Amino acid sequence: VIATLALAVGLGVTAVVLAGGYLLVGKREREQVMATPSEDPNRLTQEGWRLWQAQQLQEAATNFTRAVLLAPDNPNAWNGLGWASFNSGQMEEAEKAFQKAITLNPNLPGALNGLGQIYLSQRKYELAESHLLKAAPQAPAAWHGLARLYLIQGRFEDAEEWAQKVVDSGQADDVARQMLKAAQA
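Peer 1: Explain the packing of aromatic side chains residue by residue, including any values.
Peer 2: Here the structure, examined in full by the defined rule, presents 5 aromatic pairs. Ring geometry for Trp 49 against Trp 52: centres 5.2 Å apart, planes inclined by 90°, an arrangement best described as edge-to-face. Of this pair, Trp 49 and Trp 52 both sit in helix 2 (residues 41-53), 3 residues apart, which is roughly one turn of the helix. Overall, Trp 49 belongs to the partly exposed group, its relative accessible area being 23%. Pairwise contacts between aromatic rings join Trp 49, Trp 52, Phe 64, Trp 83, Phe 86 and Phe 98 into one cluster. Over the ring of Trp 143 we find Lys 165, and its NZ or CZ is 5.5 Å from the ring centre.

Peer 1: Could you give an account of the side chain of His 131, with specific residues and numbers?
Peer 2: With respect to the secondary-structure elements, His 131 resides in helix 7 (residues 125-135). Looking at His 131, the relative accessible area reads 14%, which means it is buried. Among the polar contacts made by the side chain of His 131, one reaches the main-chain carbonyl oxygen of Leu 127 at a distance of 2.9 Å. Ignoring any residue separated from it by four or fewer positions in sequence, one finds His 131 in contact with Ile 102, Leu 112, Leu 115, Gly 116 and Tyr 119.

Peer 1: Describe the confidence of the model for the chain, listing the residues and the values that go with them.
Peer 2: Per-residue confidence for the chain averages 84 on the pLDDT scale, and 79% of its residues sit at or above 70. The low-confidence segment residues 1-15 (pLDDT under 50) makes 37 contacts with residues lying over four places distant or belonging to another chain. The low-confidence segment residues 17-22, where pLDDT is below 50, has 21 contacts with residues more than four positions distant or belonging to other chains.

Peer 1: Explain the nonpolar core to me, and be specific about the residues and the numbers.
Peer 2: Core analysis: the biggest nonpolar cluster contains 45 residues, and Leu 81, Phe 98 and Trp 162 have the highest contact counts within it. In this view, Phe 98 contacts Asn 79, Gly 82, Trp 83, Phe 86, Gly 110, Ala 111, Gly 114, Leu 115 and Ile 118; residues no more than four positions away in its chain are not counted.

How each quantity is defined
Residues numbered from 1 in each chain as written. Predicted model: local features only at pLDDT ≥ 70, side-chain atom pairs only at ≥ 80, totals over all residues. Heavy atoms only, no water. Phe/Tyr/Trp six-rings, centres within 6.5 Å; stacked < 30°, edge-to-face > 60°. Helix = DSSP H or I, 4+ residues; strand = E, 2+ residues; numbered from the N terminus. Buried < 20%, exposed > 50% of the residue type's maximum accessible area, 1.4 Å probe, protein only. Lys NZ or Arg CZ within 6 Å of the ring centre and 35° of its normal. Polar contact = N/O pair within 3.5 Å; in protein donor to acceptor, adjacent residues only side chain to side chain. Contact = heavy atoms within 4.5 Å. pLDDT = per-residue confidence, 0-100. Core = buried A, V, L, I, M, F, W, Y, C linked by side-chain atoms within 4.5 Å.

Below, the structure written as structure tokens:
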């Protein structure tokens, strides 16, 4: 079962069933969704992204969760849920959400980048590289991950290429500049 909405018997908890596990949603969120079934999942997703950008991660996760409960085939809502979970330190939930987003849209750059970042943190370097490279043409955020990966692996010319892209994009932070200097040393 890839994605189905199910009620956990006797627990009063809604579970979104994912490949490889469950993403549990509390009774309160389930009741909110059931009380407002006419809500627009696209609007919830947009609001979730607004909240995510404002670093209101719990509220963003609630909106994304409501969106996936209403529209389980919405890859953007799953991607948002992945990033809200990732930034909240809930890596297992983030990985499941990103995987679901990619199941629905195999070329979704944000979800590919998210999985790449998770695999990088887990030291699964081949998986990280594969996902980050696939995301890189449309997700400049993946460039930072590639620079970091190649520095870790001692592939300094590759690290320099990706760190330079970050710096040239005008989106460089101190870490990106330090990675570029380390790759050039």
